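The residues making up each chain are set out below.
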Amino acid sequence: MQVNNGSVLQNEAKVKNWIIGISIVIPLAVAVLLFMPAKITALGDWVYFLPHLNAVINSAASVALIVGLIFVKRKKYAYHGATMTVAFVLGAIFLVSYVIYHGAAESTSFGGEGSIRTVYYFLLITHIIFAAVALFPILFAYYYGLTDQREKHRKVVKFAYPIWLYVSVTGVIVYLMISPYYVN
């Protein structure tokens, strides 16, 4: 799916400012939610289902990312655009769910011991670092693809795609490693 609309390209400076703003505000908001002293308990216990849902969403997004890569390698650009849009929408749904969960529930501590603990924290820390910066190149890659600016799209995708795939896959792995320690 591509939007090759002159008015969109004329407003590119505004779009870039929005992308930069969103790429800064969302990681800051997530950090505030993770470290705020009091959680929003009014949401109730249903939020404890969200990590499980998030793992399913991240798994589906990972599959969409891989299928999107296959399509672009085969020069099936319409299918590539469709699968990347699916990945993008799943990422947005994940983000909303993640924000709701961390605004309402305390973080779960990992209970593993020994070398698995080192592996877990390595994956978690690299996942967090890449997730904090991922939105910037992903939004630009999606925008350039949507507006059919292929050369710009190719340049940014060299960074955006591996970061996005890493964040998506490690999110599932981290979930699988910590899920035995969830209280609810």
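Figured I'd write up the structure that's included with this text. Values in this document were obtained by computation on a predicted structure and should not be read as measured data.

All right, on to the packing of helix H4 (residues 77–104) against helix H6 (residues 150–178) then. Two measures define how a pair of helices packs: the angle their axes make with one another and the distance between the axes. Where H4 meets H6, the axes come as close as 15 Å, and the angle between the chain directions of the two elements is 45 degrees. Put simply, H4 runs oblique to H6. Crossing of H4 over H6 shows left-handed handedness. Residues Tyr77, His80, Met84, Ala87 and Phe88 of H4 touch H6, and the partners they reach there are Arg150, His153, Tyr161 and Trp164. Of the residues in the contact of H4 with H6, the class split is 6 nonpolar, 2 polar and 1 charged.

Between its first and last C-alpha, helix H5 (residues 115–146) extends 44 Å over 32 residues, near the 46 Å set by a 1.5 Å rise per residue. Count one or two residues on from H5 and you reach Asp148, which has phi positive near 60 degrees.

Thresholds, definitions, all that
- Residues numbered from 1 in each chain as written.
- Predicted model: local features only at pLDDT ≥ 70, side-chain atom pairs only at ≥ 80, totals over all residues.
- Heavy atoms only, no water.
- Axes fitted to C-alpha atoms, helices over the stretch in contact; angles between N-to-C directions.
- Helix = DSSP H or I, 4+ residues; strand = E, 2+ residues; numbered from the N terminus.
- Parallel < 35°, antiparallel > 145°, perpendicular 65-115°, else oblique.
- Left-handed = near helix turned anticlockwise from the far one by under 90°.
- Contact = heavy atoms within 4.5 Å.
- Nonpolar A, V, L, I, M, F, W, Y, C, P; charged D, E, K, R; others polar.
- Expected span 1.5 Å × (residues − 1).

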